[in-house]
Every structure is written in C-alpha cells, then in structure tokens.
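Chain by chain, the residues run as shown.
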Amino acid sequence: MACLRCFLGFLLLAARLPLDAARRFHDVLSNERTSDYTREHSQLTGWSSDENEWNEKLYPVWKKEDPRWKNSWKGGHVQAILTSDSPALVGSTITFVVDLVFPRCQKEDVSGNIVYEKNCRNDTDPSPDLYVYNWTEEGAWGNDHSQHHHHVFPDGKPFPHHPGWRRCNFVYVFHTLGQYLQKLGRGSARVSINTANVTLGPQLMEVIVYRRHHHVYVPIAKVKDVYVVTDHVPVFVTMYQKNDRNLSDETFLRDLPIMFSVLIHDPSHFLNESAINYKWNFGDNTGLFVSNNPTLNHTYVLNGTFSLNLTVQAAVPGPCPSPSPKPPKPTSPLSSAGGRPPELRATPEETCHINRYGYFKATITIIDGVLEVNIIQMTDVVMPVPQPDKSLMDFVVTCQGIMPTEVCTVVSDPTCQITYYTVCDPVDVDTDDTCLLTVRRAFSGSGPYCMNLTLSDHTSLALTSTLVSFSARDPASPSRMANGALVSVGCLAIFVTVITLLVYKKHKEYKLVGSSAGIVLKGQGLNAFLNHAKAIFCLGNQESDPLLKHQPGTV
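Residues numbered from 1 in each chain as written. Predicted model: local features only at pLDDT ≥ 70, side-chain atom pairs only at ≥ 80, totals over all residues. Heavy atoms only, no water.

A.B. asks: I keep staring at the pattern of salt bridges and nothing clicks. Help me out?
C.D. replies: Between side chains of opposite charge, a pair can form when the charged atoms approach closely. One pass over the structure, following the stated rule, counts eight salt bridges. For the salt bridge of Lys157 with Asp155, the shortest nitrogen-to-oxygen distance reads 4.0 Å. Since its relative accessible area comes to 43%, Lys157 is described here as partly exposed. When the shortest N-O distance is used, the salt bridge between Arg440 and Asp394 registers 2.7 Å. Of this pair, Arg440 sits in strand β27 (residues 436–444) while Asp394 is found in strand β24 (residues 390–401), placing the two residues 46 residues apart along the sequence. (Salt bridge = Lys/Arg side-chain N within 4 Å of Asp/Glu carboxyl O. Buried < 20%, exposed > 50% of the residue type's maximum accessible area, 1.4 Å probe, protein only. Helix = DSSP H or I, 4+ residues; strand = E, 2+ residues; numbered from the N terminus.)

A.B. asks: Teacher, can you tell me more about the state of the cysteines here?
C.D. replies: One covalent bond between the sulfur atoms of two cysteine residues makes up a disulfide. Taken as a whole and judged by the stated rule, the model has four disulfides. Across the disulfide from Cys105 sits Cys120; the S-S distance is 2.1 Å. In this structure the cystine formed by Cys105 and Cys120 twists about its S-S bond by roughly -70°; its chirality is therefore left-handed. Taken together, the positions of Cys105 in the loop between β6 (93–101) and β7 (106–108) and Cys120 in the loop between β8 (114–116) and β9 (131–133) put the pair 15 residues apart, joining distant regions of the chain. Among the residues examined, Cys105 registers a relative accessible area of 6% and is labelled buried. Given the relative accessible area of 24%, Cys120 is considered partly exposed. There is a disulfide in this structure between Cys416 and Cys450, and the S-S distance comes to 1.9 Å. What sets the handedness of the Cys416 and Cys450 disulfide is the S-S torsion sign, and at about 95° it is right-handed. Of the two residues, Cys416 sits in the loop between β25 (406–412) and β26 (419–426) while Cys450 sits in strand β28 (residues 447–456), which places them 34 residues apart along the sequence. Cys416 gets classed as partly exposed once you look at its relative accessible area, which sits at 37%. (Disulfide = S-S within 2.5 Å.)

A.B. asks: I would appreciate a short explanation of the sheet that holds β28 in the present structure.
C.D. replies: Read from one edge to the other, the open sheet built from four strands follows the order β26-β25-β28-β29, with strand pairing classed as antiparallel. Both edges of this open sheet fall to β26 and β29 (461–470), since each of them pairs with a single strand only. Looking at each pair of strands side by side, their axes are set apart by 20° on average, direction ignored. As judged from the seven bridges shared by β25 and β28, these two strands associate in the antiparallel manner. The partner of Thr409 across the bridge, within β28, is Leu453. (Pairing = 2+ DSSP bridges. Axes fitted to C-alpha atoms, helices over the stretch in contact; angles between N-to-C directions.)

A.B. asks: Before we go on, may I ask you to explain the side chain of Asp413 in this structure?
C.D. replies: Note that Asp413 resides in the loop between β25 and β26. Despite being buried, Asp413 has no salt bridge partner; Arg441 is the closest side chain of opposite charge, sitting 17 Å away. One polar contact links Asp413 to Thr415, side chain to side chain, over a distance of 2.4 Å. A distance of 2.8 Å separates the side chain of Asp413 from the backbone nitrogen of Ile418, its partner in a polar contact. Not counting residues within four places of it along the chain, the set of residues in contact with Asp413 comprises Ile418, Tyr420 and Cys450. (Lys, Arg positive; Asp, Glu negative; His and termini not counted. Polar contact = N/O pair within 3.5 Å; in protein donor to acceptor, adjacent residues only side chain to side chain. Contact = heavy atoms within 4.5 Å.)

A.B. asks: Got a minute to help me understand the packing of aromatic side chains in this structure?
C.D. replies: Note on aromatic pairs: each is described by the distance of the centres and the angle between the planes. Under the defined criterion, the tally for this structure stands at 27 aromatic pairs. Ring geometry for Phe260 versus Trp280: centroids 5.7 Å apart, planes at 50°, classification tilted. A residue pair is termed long-range when its members are at least 10 positions apart, and Phe260 in strand β17 (residues 257–264) and Trp280 in strand β18 (residues 275–281) qualify at 20 residues. With a relative accessible area of 0%, Trp280 lands in the buried category. Of the aromatic side chains, those joined through ring pairs into one cluster are Phe25, Trp54, Tyr59, Phe153, Phe159, Tyr180, Tyr210 and Tyr217. (Phe/Tyr/Trp six-rings, centres within 6.5 Å; stacked < 30°, edge-to-face > 60°.)

A.B. asks: Even after reading the chapter, I still don't get the sheet that holds β9, so can you show me in this structure?
C.D. replies: What links the strands of a sheet is backbone hydrogen bonding, and the strands pair in either a parallel or an antiparallel sense. With respect to topology, three strands assemble into an open sheet ordered β7-β8-β9, the strand pairing being antiparallel. Sheet topology places β7 and β9 at the edges, where each strand pairs with a single neighbour. If you compare each strand with its neighbour and ignore which way they point, the axes differ by 35° on average. Pairing of β7 with β8 involves three bridges; the strand directions are antiparallel. By the bridge assignment, Gln106 is partnered in β8 with Tyr116.

A.B. asks: I keep staring at the environment of Asp457 and nothing clicks. Help me out?
C.D. replies: With respect to the element layout, Asp457 can be found in the loop between β28 and β29. Distance from Asp457 to Arg245, taken between C-alpha atoms, is 8.7 Å for residues 212 residues apart in sequence. In this structure, Asp457 is in contact with Arg245, Gly369, Ile402 and Thr405, ignoring residues within four places of it in sequence. Of note is the side chain of Asp457, whose polar atom sits 2.6 Å from the side chain of Ser460.

Structure follows, in structure tokens:
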C-alpha cells in the first residue's frame, strides 16, 4: 500500500514538472483567458497556439508592478499605441498597427538606431551623446555566427532574413483568440488577419514589445485593444443640405433637397465585387426607394419629425454549400439487374452569394428657413459731401422662405479669396412677410470687389455673390470744377486783401496840401486806389466822404 502511494505521488510530481519548468505564451500574454478559450476558435493562418512554451531566458517576463520597468528604456518610458480598422465584416481582413512613441527628443533614424533630436530640449540636461541606443555599433544582426542562437523569437523560431531585417531592433508578439504571431520590426508593426473563421462579437488583441539588448531582449511596452467582427455591413450616412446652418443637429429645411450619402466601412475592399442595393424609407409617406447608387436626394415638403430607415444589401461571393444527399429512388429487381450502373459526372464549381445586410436609422426634423437670396438691383448713392476715396452703393435684395434676422456682407478681392472686411446688421423682423431689403454698403477706393451677401436666422443661411466695380473720380467733372473755381476766387481775394493792407500801412502818414503839392497828389492817388479797392471787396461800405478829406494836414 505504501509503495502504491509513493508511485501515485511520483506521477503527480512528474505531471507538474512541465508546468513549473517553462512558461507558456498564454501565461505571458493574457490574464483574462479561460482554460478552454483556444478550443472556441478556428486556426488563424500563420498563427500558433498559445500553449507553446515561452523562452524566458531570452525574453524575461515582468509583472506589471515589477520595478525593472522603470529602467527598461533610457530617458523615460516608451508608449505603444495599438489601432485597428474595426469593425470588420465577417470574411473580410482586419489590420492592426502598433506604433511606438519614444520619450521626448528621441527618434528612430534610418539605420534603426534611437538618436536624440537636434535642437530639442527636454526636462533633463541635454546628453552629450548623439545616440540613445546605437545598435549598429553594438553588433549588427547576423555578423557574429557564433551568436545565431540569439536571433530567435520567444518560441525558438529563427528570425526571417528579409531585406533590411538587420535594422529591425524590436520584437512584437501579437496575441488573440488563443493564438499568437511573432514579428520583427522597427518603431511600427502591422499585422492583418482574415475574419472568415473568427467568432462574431468583440474580441481582444494584446501586444507585447521587446527591444534588443546585447544578446537578450528587454520588455518595453504592453498594449491591448478591443476589435469587433460582425455579420452586418458597417454603414454610415452623411446628410447635407445647401442652406442648413448646422449639419450635425439633424434639423433640415422644408422645400430644399437633402443629399444622403452612404459610406460603407470596408477598408480591406472585401465588397468590391459585390452587388450592393440601397433601400430608403424617408418616413413621409413617399414610399420605398431602391437604388444601387450610394447617393440620393430627397425633399421634404412638410414640417415635422420623420423616421429615416435605410437597409443596405450586399451580395458577397462565396463557395456554395455542399448539397445534402438525396435518398436513392426505389428500383425494381428487374431494372436493377438488367440496367447499367449510374455514371458520375464532374460538375464545375459554382459560385454562390451570401447576402449581408446593414442598417441605418435616424430621426429628422423639418422646419421653415431662408431658402434663397437674390440681388435684383444695385444703385450708386450720391453723397452730400463727395469723398474721392469712398463710395456708397445700395443693394436691393429679395429672398424666399421666412424672413431672415441678420444680413451680412463680406467684401474681398476680385478673386473672392482675400477678405477685406465683414459687416453684419440685424433685420427688422416687424416688417411684412415680403422679403425685400435694401442693404447699403461703403467701399474704400476704386477698382473691382467681390461681395458675398448672406441672409440668415438661427437655423438657415442663404448666400449669393456679386462683383462690383468703382472707377476713379474725374478731376475735371463739373462739380469738381465748380469747387475748384470757388477755391481759386477765395484764395485770390485773400491775397489781394493782404497786399492792400500792407501797402496801406506803409503809406498811412500824409503831409499838408499847402506844404507839398507833389505829396498831396500822390496821397490823393493812393486814396483813390484804396477807395476803389474797398468798393470792390467791401461792398457793404458805402462811405461817400473819406476821413482824410475832412482832416487835411493830419500827421
């Protein structure tokens, strides 16, 4: 009895030895899988079962809280970002991309080494060394034949010697559905899988990244992400209307067409050879619209809330299912004895189609809005005081739909590319229902202008454009000639008056008539000249007797 117990204990110990002696891929890559997880999924092409052993001597395994993670990379931590083009229609190909984000001021050069960026400052003192990791000097892949046993993946498979493989210094291990894939790469790695045998629903993809370190490898990052495999065609719909002010609120205008565009998420082009039909129900009792065009216009003529429904049908080519065996027809003994055995004829393989469907639903609100705007007249405005560098113009504007609450104009260069200025004014909402507005705008200088005019309210906006041109003012125009004449006359009058006053001041002293006849004659001539000048420029002065005449001999 004691021998039997020893023998059973030895068997139990032997059964535990493989588990204690080596780690397996699922022990390293996932903490969320169950024991029967692998059996639930079919084999992925090129992938291996995570029951295989992991070479922990070359690829050490650290737990999340292990302090060695702090020193796994020089100058900081490396972040791995995992993305995919999920969701994927079953049967299509889904692609995963891992990008490594190095610490600040570090990058990968063309040789695969990690270097410091020039003219970049981080929180630490700048390093005098150019390289963060100079793997080229450390020893190129494959140069040392005695060390080839280090050029292997965690499961012992050798590195593929594809062109440029010596510049790949990172090892990526992808893990999903109880299987793994190993890849040698640089700062980014890409993997694609066919989803024909993948279980529908959300799945988990995990990636662990190792860097080269002499003759071993050091873990630097782990990342995981959820992807989705579905049997429904992934469908998105964009809706656009010309005068709709906010395209994201699913509120549109009555009596204006809405353009519906269907976008099918098919990054692997799985549906390129498929016949696709679109069935529309706009919810306004207009019936069912069937089209093979992904774009369709529809106009709602009533206000309200409507339910939009779209069904997309894609006929996906695929192999035909095996026909079910039919029971043999009963035969009489005579026919079976005398007849020939049935002949088996090879039939060519037929191509069948599997219909896949996608669905889209939305609730649309239809309201009134400003539908259209037109400029029917443009008139120059004559300013009371002409300004050569400024022009005014009135624009008579009509619109369709409801009355706007705001009018805006954008004046720009003749190509409508460079904006000069924008002016907005409120519209008097107390006016009658007729949309007829006069918009006055000022323009600086001569030349052509592009003007965009918009009428809007809180939900809609209508736009129109026009070109206007102003010529330079003619200096010889009648108004300018009259103004010039007046200015010239005024200047001449001022000039003559100033000269007269100066002459008068110089000769204001006079002698007695009796003492000097010659001076009296000159004085009388000057007096006559002054009287004549006053008579011309001072019409209000009706003085008949000059003061000097009544005071002869004044000194």
